[in-house]
Amino acid sequence: MSDAPLLQAEGVSHTYAGGQVGCVDVGFTLYPGEVLGIVGESGSGKSTLLSCLSGALPPSEGRVRFAGQGQGMQDVFQLSEPERRLLMRTDWGIVHQNPRDGLHMSVSAGGNIGERLMAVGARHYGDIRSEALDWLGRVEIDAERVDDLPRTFSGGMQQRTQIARILVSQPRLVFMDEPTGGLDVSVQARLLDLLRGLVRDLGVAAVVVTHDLAVVRLLSDRLMVMRQGRVVESGLTDQVLDDPQHPYSQLLVSSVLQA
Amino acid sequence: MTQKVMLQVQDLSKTFTLHTQGGATLPVFDGVNLAVEAGQCIALTGASGAGKSTLLRSLYANYRPTSGQVFIRHRDVIVNLIGAEPRIQLEIRRETIGYVSQFLRVIPRIPAEEIIAEAAVAGGMDDAEALEAARALLQRLNLPERLWSVPPATFSGGERQRVNIARGLIRSFPILLLDEPTASLDAENRNVAVALIMEAKAKGAAIVAICHDETVRAEIADAVFDVSLFQAAA
Amino acid sequence: MSALQPAGSGAQFHSIDGVYNFAYLDEQTKRMIRRALLKALAIPGYQVPFGGREMPVAYGWGTGGMQVTASILGVDDVLKVIDQGSDDTTNAVSIRRFFNRTAGVPVTEATTEATVIQTRHRIPEKTLREDQVIVYQVPMPEPLRKLEPRETETRKMHAFAEYGLMQVKLYEDISRHGEITTTYDYPVEVNARYMMAPSPIPKFDNPKMHAMPALQLFGAGREKRIYAIPPYTKVRSLDFNDYPFEPQQFDDPCALCDAKGVFLDEVILDDKGNHMFVCSDSDHCRDRRAEGHMGPRAREAAEKGYGADQ
């Protein structure tokens, strides 16, 4: 991990039209290769925060800055729309809770994975295909399925296809929104292992939003606990989970059923 | 901090506040001062509940002290672990302080040898070398070979403990925190573990250990530190 | 054989059905369309919206092309109209007669004599000249429509040159069929910037669009879009480096005039399954036969003693 920050949130707040509070005054610095978990229950503001951080929703206040390639920190929302769209297709990735939001369901798995490559000018069919096959292997999907449509895949496979599709462009930062939501427990487990391995091997930084403490325990180095729009505690994951300081953090940790 | 001191605890205090129990406070220790030099092993003693584990965990930033400092010699610079940026705390854990805990937090579905190799890879060893080193250690610790490629979830206490030890000692950490390193081990494996610890010590590691087994304590520790002397007022 | 007819009188033209402005559209509309054409030429391949008018022909029958033709036609122009390469199909005849009635401009079937050529589904075989204009009839101007139904999105994709999705479509073709299966309306990249739908011409004709000396104008009446390619502009058909664009190949020459390297139509001869392949470009075929070329069928007929024009 280097000394230069990768993502910086400063006083990020968002209030929806009509006065509903999303998130309030969130700030943190993320370094290359770090995985930050954000936990909270429904209404905690974590999804709003993720939308702001990932360039999808301009915050009402505050800034989100990202270290562009070869440039200094840039305010994500000061970028022009094409620059931001390009960023979101290359250096960033978003793993959606519902794979349907992150995949073209009527394009084959290979086409989905190759899309990011083709979007930035890849023009050799053979190369694109072999990279797609390589990635299918890395996310433990049978190579035979490369020409199949994602709608014929199970939920876990769709999710893994989504991950491959994003990682193919070697992003430096990946946002994940409930990456294991809606999956069977055993499928969740396998997916988490995969994510953990990939994130470590590729040195990708990640922001993982979830309500599931087991997910952050396994995946993230650092943790932020959110409640009613605010960050109530933050620190190393094991510290926040083993020695929570804030009343709400203690409540959250003690509420988790131990298997 | 003199050149040889690797770890210096200054005025460390810890009180738990249990908000879920109506804000009840649980004071543990108060005003702990301790210095550990390279090549030195200090054993924490004190009755059960005195705060030995709590202190050890505080030295790893796993528990957050209520007040005080923990100075670490990290990359030849003195850094206060308490209050350092998470990035620095993670760096310290990666490079400077190793922790052998009493309970192996089971990372599910990862085979034993890989858990150990991971730790070596994190320290810069290449994958193949790390796996070999992991297997060599497991061999030394007498873990049956058929268990090497099995995730430790189904291991016995002693088997898990050996995985723990291997994971903590595969790299030459400048500072080692050992929480009951020989618990659950039979005599033969206890000796192996002690040998490994002594080797680390010989390489210059500064060690803080909790060891209720007096024989082992006598073998590895240069001094004892009684945590109960710093018992916080209720 | 050309059929030059006397020029009309000018601004107003009395036709059988009443009084129309020259070439049917009022002058303000023509100016609006010419402004759109100028904008389209300034941004080759970019779809310019225009205020399409009602034409006395339903959508899908060439109203866009007709509006473009109407806006650029002058008394000195000579008009050729083809449909599927032929001057004598119903629609070509119909549109040619329309302009004859409302503008009185000379009309011709000879490509070399025309100054304005309105076409549906083909580009003539003869290389067009700098003083000629070809007007294409376009049903669906948006090349990405089948992949992305939202207009809001396709506009952004053009604005930001985000054409990855089209490349994905070609990838899908190859992965499913072993080759790119699009045979007409094959997407092109114009001036190394905009992706364009060349109208449903066979991909055989795509290479003709590249660096064409003539002016190429495109009109889509139902979608109300105009686009254009200035002369000598780079037009590249999309492909992969290892699956390069290949126009269709024909095994046999034209059965009548023996032309090779031209686009052929299949003509069914009887209900016993006999067929022959002849030039789609009827003017080109006629010229070659006039020069004495004879294809296999024509030779057969000559041997049997029938006339050359079978």
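Treat the numbers as computed from the prediction; the structure is a model and nothing was measured.

A. Up close: the pairing of strand 4 (residues 67-74) of chain B. Residue and element names in this part refer to chain B. As defined by bridge partners, strand 1 (residues 5-18) adjoins strand 4 across five bridges and the pair is classed as antiparallel. Bridge pairing links Q10 to Q69 in strand 4. In the sheet, strand 4 pairs with strand 5 (residues 77-80) via four bridges, with the strands oriented antiparallel. Of the residues in strand 5, the one forming a bridge with H74 is V77.

B. Spotlight on the packing of helix 3 (residues 109-119) of chain A against helix 5 (residues 155-167) of chain A. All names here are of chain A. Taken N-terminus to C-terminus, the directions of helix 3 and helix 5 make an angle of 30°; their axes are 7 Å apart at the nearest point. With respect to each other, helix 3 and helix 5 are oriented roughly parallel. In this structure, the crossing between helix 3 and helix 5 has a hand that is right-handed. Judged by residue contacts, A109, N112, I113, E115 and R116 of helix 3 engage T161, A164, R165 and I166 from helix 5. Tallied by class, residues from the contact of helix 3 with helix 5 come to four nonpolar, two polar and three charged.

C. Layout of the interface of chain A and chain C. Across the contact, 23 residues belong to chain A and 18 residues belong to chain C. Roughly 1,800 Å² of surface becomes buried between chain A and chain C when both sides are summed, with 59% attributable to carbon and sulfur atoms. Considering only the side of chain A, the residues that lose the most area to chain C are A:R85, A:R123 and A:Y125, jointly responsible for 42% of the buried surface there. Joining chain A to chain C, the criterion identifies eleven residue pairs in polar contact (both at pLDDT 80 or more). Counting residues per element, the ones that place at least two in the side of chain A that touches chain C are helix 2 (81-89), helix 3 and helix 4 (125-138) of chain A. With five residues, the single largest contributor to the side of chain A that touches chain C is helix 3 of chain A. For the side of chain A that touches chain C, a count of residues per class yields nine nonpolar, seven polar and seven charged.

D. Examining the packing of helix 3 (residues 112-122) of chain B against helix 4 (residues 127-140) of chain B more closely. Residue and element names in this part refer to chain B. Here helix 3 crosses helix 4 at 125°, and the two axes come no closer than 8 Å. Taken together, the axes of helix 3 and helix 4 lie oblique to each other. Crossing geometry of helix 3 relative to helix 4 is assigned as right-handed. Contacts between helix 3 and helix 4 pair E113, I116, A117, A120 and V121 from the former with D127, A130, L131, A134, R135 and L138 from the latter. Grouping the constituent residues of the contact of helix 3 with helix 4 by class yields eight nonpolar, no polar and three charged.

E. Representation of the pattern of salt bridges in the model. In the structure shown here, the tally under the stated rule is 51 salt bridges over all chains. One salt bridge connects B:E95 with B:R75, and the closest N-O pair in it is separated by 2.9 Å. Placement of the pair is B:E95 in helix 2 (residues 86-95) and B:R75 in the loop between strand 4 and strand 5, with a sequence separation of 20 residues. Note that C:D205 is salt-bridged to C:K208, the shortest N-O span being 2.6 Å. For C:K208, a relative accessible area of 21% gives the class partly exposed.

F. Spatial organisation of helix 4 of chain A. With 14 residues, helix 4 of chain A should reach 20 Å at 1.5 Å per residue; the first-to-last C-alpha distance of 20 Å fits that figure. The secondary structure elements touched by the buried residues of helix 4 of chain A are helix 3, helix 5 and helix 6 (185-202) of chain A together with helix 5 (164-177) of chain C. Note on helix 4 of chain A: the residue one or two positions beyond its end, A:E140, has a positive phi of about 60°.

G. Main features of helix 3 of chain A. For helix 3 of chain A, a buried count of ten out of eleven residues is recorded, marking the element as mostly surrounded by other parts of the structure. Along helix 3 of chain A, the residues classified as buried are A:A109, A:G110, A:G111, A:N112, A:I113, A:G114, A:E115, A:R116, A:L117 and A:M118. For helix 3 of chain A, the secondary structure elements touched by its buried residues are helix 2, strand 6 (92-95), helix 4 and helix 5 of chain A together with helix 5 of chain C. Directly beyond the C-terminal end of helix 3 of chain A, a positive phi value near 105° is found at A:G121.

H. Seen up close, the interface of chain A and chain B. Contacts between the two partners involve 26 residues from chain A and, on the opposite side, 24 residues from chain B. Between chain A and chain B, the buried area comes to about 2,100 Å², and carbon and sulfur atoms account for 48% of it. For the pair chain A and chain B, the number of links is five salt bridges. Between B:E118 and A:R196 there is a salt bridge, with the nearest N and O atoms lying 3.0 Å from each other. The tally of links from chain A across to chain B stands at 13 residue pairs in polar contact (both at pLDDT 80 or more). The set of elements that each furnish at least two residues to the side of chain A that touches chain B consists of helix 6, helix 7 (213-219), strand 10 (230-236), helix 8 (237-242) and helix 9 (247-255) of chain A. Grouping the amino acids of the side of chain A that touches chain B by side-chain chemistry returns seven nonpolar, eight polar and eleven charged.

I. Region of the structure containing the confidence of the model for chain A. For chain A, the mean per-residue pLDDT works out to 91, and 98% of the residues sit at or above 70. For chain A, helix 6 of chain A is the element with the lowest average pLDDT, namely 84, and strand 1 (residues 7-15) of chain A is the one with the highest, namely 96.

J. Representation of the environment of B:K52. Residue and element names in this part refer to chain B. You can see K52 is positioned in helix 1 (residues 52-58). For K52 and A136, which are 84 residues apart along the polypeptide, the C-alpha to C-alpha distance reads 32 Å. K52 has contacts with L44, T45, G46, A47, I210 and V227, leaving out every residue within four places of it along the chain.

Thresholds, definitions, all that
- Residues numbered from 1 in each chain as written.
- Chains lettered and ligands numbered in written order.
- Predicted model: local features only at pLDDT ≥ 70, side-chain atom pairs only at ≥ 80, totals over all residues.
- Heavy atoms only, no water.
- Pairing = 2+ DSSP bridges.
- Helix = DSSP H or I, 4+ residues; strand = E, 2+ residues; numbered from the N terminus.
- Axes fitted to C-alpha atoms, helices over the stretch in contact; angles between N-to-C directions.
- Parallel < 35°, antiparallel > 145°, perpendicular 65-115°, else oblique.
- Left-handed = near helix turned anticlockwise from the far one by under 90°.
- Contact = heavy atoms within 4.5 Å.
- Nonpolar A, V, L, I, M, F, W, Y, C, P; charged D, E, K, R; others polar.
- Buried area = accessible area lost by both parts, 1.4 Å probe.
- Polar contact = N/O pair within 3.5 Å; in protein donor to acceptor, adjacent residues only side chain to side chain.
- Salt bridge = Lys/Arg side-chain N within 4 Å of Asp/Glu carboxyl O.
- Buried < 20%, exposed > 50% of the residue type's maximum accessible area, 1.4 Å probe, protein only.
- Expected span 1.5 Å × (residues − 1).
- pLDDT = per-residue confidence, 0-100.

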